[in-house]
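Chain and residue survey
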Amino acid sequence: MASPEEIRLFTISSEIPETRSLHKTAFSESQEQDVPTEYGIIKVAIQGNTKKPAIITYHDIGLNHVTGFQNFFHFTDMVVILEHFCVYHINAPGQDDGALPLIQGYVYPTMDQLADTVSATVSYFGLRSVIGFGVGAGANVLARYALKNPKKVEGLALINPDAAQCGWVEWGYQKFNSWYLKSGNLTQYTEDYLLWHWFGRATKDSNTDLVHVYRQYVKTINPVNLALLIDSYCARSDLKLKRPSPNSQDKTGSLRCNCMLVVGDHGPLVDEAVDMNSRMDPAITTLVKLQDCGGMVLEEAPSKLAESFRLFLQGLGYIPLLSQAKLVEAREKHKSIPTDPLPTLTAGGDNDDSLFPTNC
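Residues numbered from 1 in each chain as written. Predicted model: local features only at pLDDT ≥ 70, side-chain atom pairs only at ≥ 80, totals over all residues. Heavy atoms only, no water.

Some points on the overall build of the protein chain
Within the protein chain, the secondary structure is distributed over 13 helices and eight strands. A sequence separation of at least 24 residues applies to 78% of the contacts in the protein chain between residues at least 6 apart. (Helix = DSSP H or I, 4+ residues; strand = E, 2+ residues; numbered from the N terminus. Contact = heavy atoms within 4.5 Å.)

Printed below as a string of structure tokens:
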């Protein structure tokens, strides 16, 4: 080991850290379209060349295509992967960025009916087949769509999925949240619950900056519109998935496409993801647990998730020549290109030990 006299410091360099943004700026190149459905107009953002294979995304409760997917889909590795695809980001009714309040008396679609809006979107754009990428409630919606339209779905990447109906504890929390939100008030209780639903408890201590960014974002959500989506998710039915018997040709009640279930090992929905995996065909289903990660895996572990998604797509026969070495090369190239930082949504306030519900 070198002595202190032999150690010399030659250069010191500094780098501006990449900032997270929940502004719409990074999705400025996407095109938004109004898609008519039986349940009203929904906003769909199109990212990429429409002549390429289609990926459809669906967001979680309290999020939309910007806050749910923008940072991850602009992560360097994902940019390289998505050069080969066109992404259709579907927003649930009234949940898109800057959405106006839904008209009084509007009957919000059930989870099955939200799956029908996915079907309407696929038909509207004339997509022959799609790959689904859903998070939380969005994962449930896309699973329902795949059960109804097995020939349309090539594969599903489901983040924090839950195939069961709402449990009593979740039902109680959601009903309280919905009651507060319908009055037009976004209370501290609702903020705490949403942050727990997205991140889990572990991330509170390990990634406080990220949690603060989303905590400030929560204050901008349209409360009445969110209450309607929460009610729909709370009233969801069980997917009634059935694991087919070995060598059986009867696939009734099972997802027939290749599926990747992803969850952080410190996330709030680990047990739900494991339960869903136990009810699916093991020959075409993979459960990925990301180590040292909470519930917001797209933000907390983008490199690991991008690598898992790349391998999943290659299993479907896409991007066969895109290796990890090429992704590393793309990363180095990206670092050498000067870019203007995205506008940062900063959060203020002191740390709060009561950030998450204690009984969740």
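Here's the deal with the pattern of salt bridges
For the structure shown, the criterion picks out nine salt bridges. Among the ionic pairs, Asp-34 bridges to Lys-43, the shortest N-O distance being 2.9 Å. On the basis of relative accessibility, which here comes to 41%, the residue Asp-34 falls in the partly exposed class. Note on Lys-43: relative accessible area 29%, which makes it partly exposed. The salt bridge partner of Arg-310 is Glu-307, with a shortest N-O separation of 2.7 Å. Of this pair, Arg-310 and Glu-307 both sit in helix 12 (residues 302-315), three residues apart, which is roughly one turn of that helix. According to the relative accessible area criterion, Arg-310 is buried, its value standing at 5%. For Glu-307, a relative accessible area of 23% gives the class partly exposed. (Salt bridge = Lys/Arg side-chain N within 4 Å of Asp/Glu carboxyl O. Buried < 20%, exposed > 50% of the residue type's maximum accessible area, 1.4 Å probe, protein only.)

Let's talk about unusual backbone geometry
Phi is positive for Asn-160, close to 50°, though the residue is something other than glycine. Tracing the backbone through its elements, the reader meets Asn-160 in the loop between strand 6 (153-159) and helix 5 (168-182). One non-glycine residue, Lys-240, adopts positive backbone phi at about 55°. Along the polypeptide, Lys-240 turns up in the loop between helix 9 (223-234) and strand 7 (258-264).

Considering the sheet that holds strand 8 (residues 285-290)
One open sheet accounts for eight strands, arranged 1-2-4-3-5-6-7-8; its pairing is mixed. Bordering the open sheet on either side are strand 1 (31-37) and strand 8, each of which pairs with just one other strand. Averaged over all adjacent pairs, the angle separating strand axes in this sheet is 20°, with direction ignored. Bridging between strand 6 and strand 7 involves five bridges; their strand directions are parallel. (Pairing = 2+ DSSP bridges. Axes fitted to C-alpha atoms, helices over the stretch in contact; angles between N-to-C directions.)

Here we look at the pairing of strand 7
A large share of strand 7 lies buried, amounting to six of its seven residues. Pairing geometry for strand 7 and strand 8, over six bridges, is parallel. Across the sheet, residue Val-262 finds its bridge partner in strand 8, namely Val-288.

Here's the deal with helix 6 (residues 188-199)
Taking 1.5 Å per residue as the helical rise, helix 6 with its 12 residues ought to reach 16 Å, and the 16 Å between its terminal C-alpha atoms agrees with that figure. The element helix 6 is largely enclosed, with a buried count of 10 among its 12 residues. Of all the residues in helix 6, the buried ones are Thr-190, Glu-191, Asp-192, Tyr-193, Leu-194, Leu-195, Trp-196, His-197, Trp-198 and Phe-199. Positive backbone phi, at 85°, marks Gly-200, one or two positions downstream of helix 6. (Expected span 1.5 Å × (residues − 1).)

Notes on helix 3 (residues 111-124)
Given a rise of 1.5 Å per residue, 14 residues ought to cover 20 Å, and the 20 Å separating the end C-alpha atoms of helix 3 matches this to within 8%. For helix 3, the set of buried residues is Met-111, Leu-114, Ala-115, Thr-117, Val-118, Thr-121 and Val-122. Angularly, the buried residues of helix 3 cover 150° about the axis, an arc narrow enough to put them on a single face. Looking one or two residues past helix 3, Gly-126 carries a phi angle of roughly 65°, positive in sign. (Arc of directions from axis to C-beta.)

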